[in-house]
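# Reading the structure
Letter by letter, the chains look like this.
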Amino acid sequence: MSAKEPVPAQARRTTMISPMLKAMANPLRRRIAAELAAVESARATDLADRLGVAANSLSFHLRVLAEAGIIEEAPELARDRRDRVWRALPGGLSVGSPSLPSSTEDSLALQAYLGQEAEDQIRQLQAVVNWGTSYATGEDVESRGMLDIASMRLSVAEAEDLEAGVLDLLRRIKERSLADAGDGAERKLWNFSMVMAREDLPGLR
């Protein structure tokens, strides 16, 4: 790879190790990490308001995430010495891949985290499907979810290009939204999941 070529999004992610996986097995901590990833930085009081959690409880979970290396303090964004601002790690997190394999020695921690993520995705999909009935019939006119399904015949390289293109689009829209945060438009956290399954994936059929 030449110096002029951009670093792939996957390479910028942090591959999680056992302490990170164990910390992220807690559902509230996953919500905190998701909120910080969406806004890039926030104060504990702001996060507590958004998540509807007591500030002292939230502070405990922030410390756990920080000790695990999932988030970090951003002192340059603080108003004074007592002000604590937190931010997510740049590039996001990964459980590993053949090119960047997980080095965790605790396979149970990896399985537990992936199991929790699967439950989150199933709950999210079920919520979108349940709401979709009300939206389709006009009972609920507000857009609260989206579900798009497509099938394509692709090579592995083409599938990887598709993933990279979607991730780049997400990054650009996120940057634009953060830049326009003061325009008065109401913004809520939208959870985006991208799942691509090849026809020979074990358990698919």
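Just so it is clear, the model here is predicted, and its values are computed rather than measured.

Cut-offs applied
- Residues numbered from 1 in each chain as written.
- Predicted model: local features only at pLDDT ≥ 70, side-chain atom pairs only at ≥ 80, totals over all residues.
- Heavy atoms only, no water.
- Core = buried A, V, L, I, M, F, W, Y, C linked by side-chain atoms within 4.5 Å.
- Buried < 20%, exposed > 50% of the residue type's maximum accessible area, 1.4 Å probe, protein only.
- Helix = DSSP H or I, 4+ residues; strand = E, 2+ residues; numbered from the N terminus.
- Contact = heavy atoms within 4.5 Å.
- Axes fitted to C-alpha atoms, helices over the stretch in contact; angles between N-to-C directions.
- Parallel < 35°, antiparallel > 145°, perpendicular 65-115°, else oblique.
- Left-handed = near helix turned anticlockwise from the far one by under 90°.
- Nonpolar A, V, L, I, M, F, W, Y, C, P; charged D, E, K, R; others polar.
- pLDDT = per-residue confidence, 0-100.
- Expected span 1.5 Å × (residues − 1).
- Polar contact = N/O pair within 3.5 Å; in protein donor to acceptor, adjacent residues only side chain to side chain.

### Brief notes about the nonpolar core
Membership of the largest hydrophobic core comes to 26 residues, with the highest contact counts inside it found for I32, L36, L58, L62 and I70. For this core, the secondary structure elements donating two or more residues are α2 (18–23), α3 (27–39), α4 (44–51), α5 (55–68), β4 (85–88) and α6 (107–136). If we ignore the near neighbours within four places in the chain, the residues touching L58 are I32, A44, L47, A48, L51 and V53.

### Points about the packing of α3 against α4
Packing of α3 against α4 leaves a shortest axis separation of 11 Å and a crossing angle of 115°. Looking at the two axes, α3 sits roughly perpendicular to α4. Crossing of α3 over α4 shows right-handed handedness. Mapping the contact onto sequence places L28, R31, I32, E35, L36 and V39 in α3 and L47, R50 and L51 in α4. Looking at the contact of α3 with α4, its residues break down into six nonpolar, no polar and three charged.

### Comments concerning the side chain of H61
Checked against the element boundaries, H61 lands in helix α5. Sequence-distant contacts of H61, defined by excluding residues within four places in its chain, comprise N26, L28, R29 and I32.

### Remarks on the confidence of the model for the chain
Looking at the chain, the pLDDT average stands at 88 and 94% of residues meet or exceed 70. Mean pLDDT across the elements of the chain ranges from a minimum in helix α1 (residues 9–12), with 50, to a maximum in helix α7 (residues 156–179), with 94. For the stretch residues 1–11, pLDDT sits under 50, and the model shows eight contacts to residues farther than four places along the chain or on other chains.

### Brief notes about α3
Helix length check: α3 (13 residues) gives 19 Å between terminal C-alpha atoms against 18 Å at 1.5 Å per residue, within 8%. Taken together, the buried positions of α3 are L28, R29, R30, I32, A33, E35 and L36. Sitting at the head of α3, N26 places a side-chain oxygen 2.9 Å from the backbone nitrogen of L28. Positive backbone phi, at 75°, marks E40, one or two positions downstream of α3.

### Observations concerning the packing of α4 against α5
Running from N to C, α4 and α5 cross one another at 110°; their axes reach a closest spacing of 9 Å. For the element pair α4 / α5, the angle class is roughly perpendicular. The way α4 lies across α5 gives a crossing that is right-handed. Between α4, through A44, L47, A48 and L51, and α5, the contact on the second element is made entirely by A55, L58, S59 and L62. Split by residue class, the contact of α4 with α5 holds seven nonpolar, one polar and no charged.

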